[in-house]
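Chain by chain, the residues run as shown.
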Amino acid sequence: MAEAQVVCRQLHFPGANAVVFGKNYGKVSGPIWLDDLSCQGTESYLSKCAFTSWGATDCSHKEDVGVICETSNSNLTKSDSLHSLDHSISLSDERGQIFDSSNGCDFLILVQSASENVQDDGTQEVVETPICAHKHILSQFPLFNASEGINNITVNVSQSCQPHVTTFIRYIYTRKAEIAFSSVQCLHWLAYTFGVEELMEDTGRLFSKILPEDASFQTQVSLYKYAVDTGDFVLEENCLKYLAWNYQNLTMSPAWTHISIQLLGSLLLRSDLVVPDEYVLLQTVESWIKEKGNSTPLDTQHDLLSRIRFPMIPAEALYDLEFNSSLYSSHKNLYQENLLEAYQFNILLFSNLKSNPKFSTENDHYQTRIYTAKPWSTVITATITPLLDYWYDNHYGQIQTQLDVPIHYSLMFKNNRIRWGVNIEKPTRMFKPRLEVQLIPCGKAVSRRTPPEPTHPVS
């Protein structure tokens with residue numbers, strides 16, 4: 001598999017999925033140029049791997065194999081550029097040489113993976129790769145169990161992960177690695193399995209570069225599940241943030257109807273969820289529940305619907321909700337209670353609301369999300385982008401726009417309006433700023449100017 005990774009990379013594929021032996025593809029003809037080939041799996045070309053010499057071989061075409069490469073949408077990313085991790089500090093390069101030479105090694109790591117080849121007895125063929133290591137080095141990580149009296153360990157991995165185990169073990173020696181996107185999940189899983197926390201954090205950060213590449217959202221959803229399974233809270237939060245910021249696209253993607261209850265519930269708790277308004281959010285949740293049919297228990301439906309912030313639903317939509325909601329009859333009490341709460345929010349003064357012992361300003365129901373429908377948002381059209389580039393290079397000054405909104409989300413203040421001015425000032429040439437203005441029910445604004453984050457679209 002290490003050599004297969006290089007074959008596929010040389011052919012501009014992200015990586016290798018499998019090696020299939022000649023009986024599946026038949027023999028080929030012609031000269032055999034490379035023999036005794038030994039690749040690490042990270043080389044760009046086969047000719048950069050170790051081999052005897054050009055054309056020197058004792059092989060025959062009975063040993064021919066086929067390589068199945070990953071396509072651009074079958075794994076995590078379309079590109080496979082290398083990222084350097086270096087935490088070696090004062091560690092000697094000789095530690096890497098010790099690992100490469102295997103001199104004095106006293107602990108065998110047997111890496112096993114099931115191939116796609118089926119043996120004569122109908123079982124899958126198991127590919128084994130031995131890695132010789134040193135107990136003294138591995139003893140820093142107790143999960144290797146490299147204690148006295150134990151001389152070996154078996155590690156079961158997927159076939160696509162197998163060639164990257166050597167990179168992982170070498171990192172333990174050197175604290176350095178060249179990581180490709182096609183190897184990042186494998187290395188993250190190995191770091192999680194054996195408690196190598198520093199590598200787990202570093203590879204976890206690389207996932208953020210992968211998130212925008214899959215328009216089907218299958219990768220982002222599967223990475224969220226993987227993050228929950230491995231207990232990586234940073235990766236879990238990055239996945240949730242990306243899905244929250246791109247919620248509308250998620251609801252129109254093939255992955256939408258397959259997301260877990262846990263994922264949908266976590267998204268509904270977030271105030272950075274980007275939606276046109278709260279009523280649109282309610283409609284997406286109702287459609288998800290209807291799509292699932294009887295597979296979603298009533299108490300689970302109730303829990304999801306209770307996370308909708310009914311007081312934030314536009315007042316115009318509240319009256320028709322009873323007639324337009326597909327789940328109103330199934331959860332009548334929940335809808336009626338929340339509609340009452342919403343009506344009170346829209347027609348009562350704050351002093352009256354405070355007198356109700358059930359009212360709390362800390363209740364999430366009275367917190368807004370990021371609403372993109374009018375009147376709470378305005379858009380600077382994308383057609384200004386070329387002008388912006390020209391403007392940044394040739395002008396000093398500001399680009400200005402205005403936003404006219406009610407002073408409060410309550411219907412009582414619909415005609416009491418305030419105008420917000422947004423000024424985009426020309427900064428230094430170091431970076432172009434992103435200016436965010438968020439309006440919240442009490443009529444205050446929070447503004448923040450930060451360098452842009454190119455891996456995430458900005459609403």
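The protein appears in an unreviewed UniProt entry as Galectin-3-binding protein A from Dissostichus eleginoides. As stated in UniProt under Subcellular location (unreviewed entry), the record for the protein gives "Membrane".

## Topic: the overall build of the protein
Helix and strand content of the protein: 17 helices and 13 strands. Accessible area for the protein stands at about 25000 Å²; split by element, carbon and sulfur atoms hold 52% of it.

## Regarding the state of the cysteines
Within the structure shown, the criterion is met by four disulfides. Two residues share a disulfide in this structure: Cys-39 and Cys-49, whose sulfurs sit 2.1 Å from each other. Taking the sign of the S-S torsion, about 110 degrees here, the bridge from Cys-39 to Cys-49 comes out right-handed. Taken together, the residues span a long stretch of sequence, with Cys-39 in the loop between α2 (22-25) and β2 (65-69) and Cys-49 in the loop between α2 and β2 at a distance of 10 residues. Like Cys-49, Cys-39 is buried. For Cys-105, the disulfide goes to Cys-132, at an S-S distance of 1.8 Å. On the sign convention where negative is left-handed, the bridge of Cys-105 and Cys-132, at about 90 degrees about the S-S bond, is right-handed. Separated by 27 residues along the polypeptide, Cys-105 in the loop between α3 (94-101) and β4 (107-118) and Cys-132 in strand β5 (residues 124-133) bring together distant segments of the chain. Classification of Cys-132 by relative accessible area gives partly exposed; the value is 26%. If you count the bonded cysteines of the protein from the N-terminus, they pair up as 1-4, 2-3, 5-6, 7-8.

## Regarding the nonpolar core
Within the largest apolar cluster, 92 residues are counted, with the highest numbers of intra-cluster contacts made by Ile-109, Phe-144, Phe-168 and Ile-169. Counting residues per element, this core draws most heavily on helix α6 (residues 181-194), which supplies seven residues. Here Phe-144 is in contact with Phe-107, Ile-109, Leu-138, Ile-153, Phe-168, Ile-169, Ile-172 and Phe-194, once residues within four sequence places are set aside. Judged by nonpolar contacts, the second largest core, of six residues, contains Ala-4, Ala-16, Val-19 and Cys-69.

## As for helix α14 (residues 315-324)
Since there are 3.6 residues in each turn of an α-helix, residues three or four apart along the chain are aligned in direction. Burial in α14 covers these residues: Ala-317, Leu-318 and Leu-321. Projection of α14 onto a plane perpendicular to its axis shows the buried side chains occupying an angular sector of 110 degrees, all on one side. Of the exposed residues in α14, those oriented more than 90 degrees away from the buried face are Glu-316, Tyr-319 and Phe-323. Of the surrounding elements, those touching the buried residues of α14 are α12 (278-292) and α15 (332-347).

## As for the packing of helix α8 (residues 218-230) against helix α11 (residues 261-268)
It is at 11 Å that the axes of α8 and α11 come closest, and there the two elements cross at 95 degrees. As summarised for this structure, α8 and α11 are arranged roughly perpendicular, according to the angle between their axes. Judged by residue contacts, Val-221, Tyr-224 and Val-228 of α8 engage Gln-262, Leu-263 and Ser-266 from α11. For the contact of α8 with α11, a count of residues per class yields four nonpolar, two polar and no charged.

## Here's the deal with the environment of Met-1
Tracing the chain through its elements places Met-1 in the segment before α1 (2-10). For Met-1 and Ala-16, which are 15 residues apart along the polypeptide, the C-alpha to C-alpha distance reads 7.3 Å. In contact with Met-1, not counting residues within four places along its chain, are Ala-16, Asn-17, Ala-18, Val-19, Gln-159, Ser-160, Gln-162 and Pro-163.

Definitions and cut-offs
Position numbers for residues start from 1 in each chain and track the written sequence from start to end. Local features in a predicted model are, by the rule used here, given only for residues with pLDDT of at least 70; side-chain atom pairs are given and counted only at 80 or more, and totals for whole chains, interfaces and linings are based on all residues. Side-chain metrics in this entry use all non-hydrogen atoms of the structure; hydrogen atoms and water are not considered. UniProt positions are given in the numbering used here, feature names are shortened, and annotations may be inferred rather than shown by experiment. Helix and strand assignments follow DSSP, with helices taken as H or I runs no shorter than four residues and strands as E runs no shorter than two, numbered in order from the N terminus. Using a 1.4 Å probe, the Shrake-Rupley method yields the accessible areas, and only the shown protein chains count as cover for residues. Any two cysteine sulfur atoms lying within 2.5 Å of each other are counted as a disulfide. Residue burial is assigned from relative accessible area. The probe radius is 1.4 Å, only protein chains are included, and a residue is buried under 20% of its type maximum, exposed over 50%, and partly exposed in between. Nine residue types can take part in a nonpolar core, namely buried Ala, Val, Leu, Ile, Met, Phe, Trp, Tyr and Cys, and a core is a set of them joined through side-chain atoms within 4.5 Å. Whether two residues touch is decided by their heavy atoms; if any such pair falls within 4.5 Å, the residues are in contact. To be clear, the arc concerns the directions from the helix axis to the C-beta atoms. For helices, the fitted axis covers only the stretch in contact; all axes are lines through C-alpha atoms, and the angles between them, taken along N-to-C directions, range from 0 to 180 degrees. Any angle that is under 35 degrees is reported as roughly parallel, and any over 145 degrees as roughly antiparallel; angles of 65 to 115 degrees are reported as roughly perpendicular and all others as oblique. In this classification, the charged set is Asp, Glu, Lys and Arg, the nonpolar set is Ala, Val, Leu, Ile, Met, Phe, Trp, Tyr, Cys and Pro, and all remaining amino acids, among them Gly, are polar.

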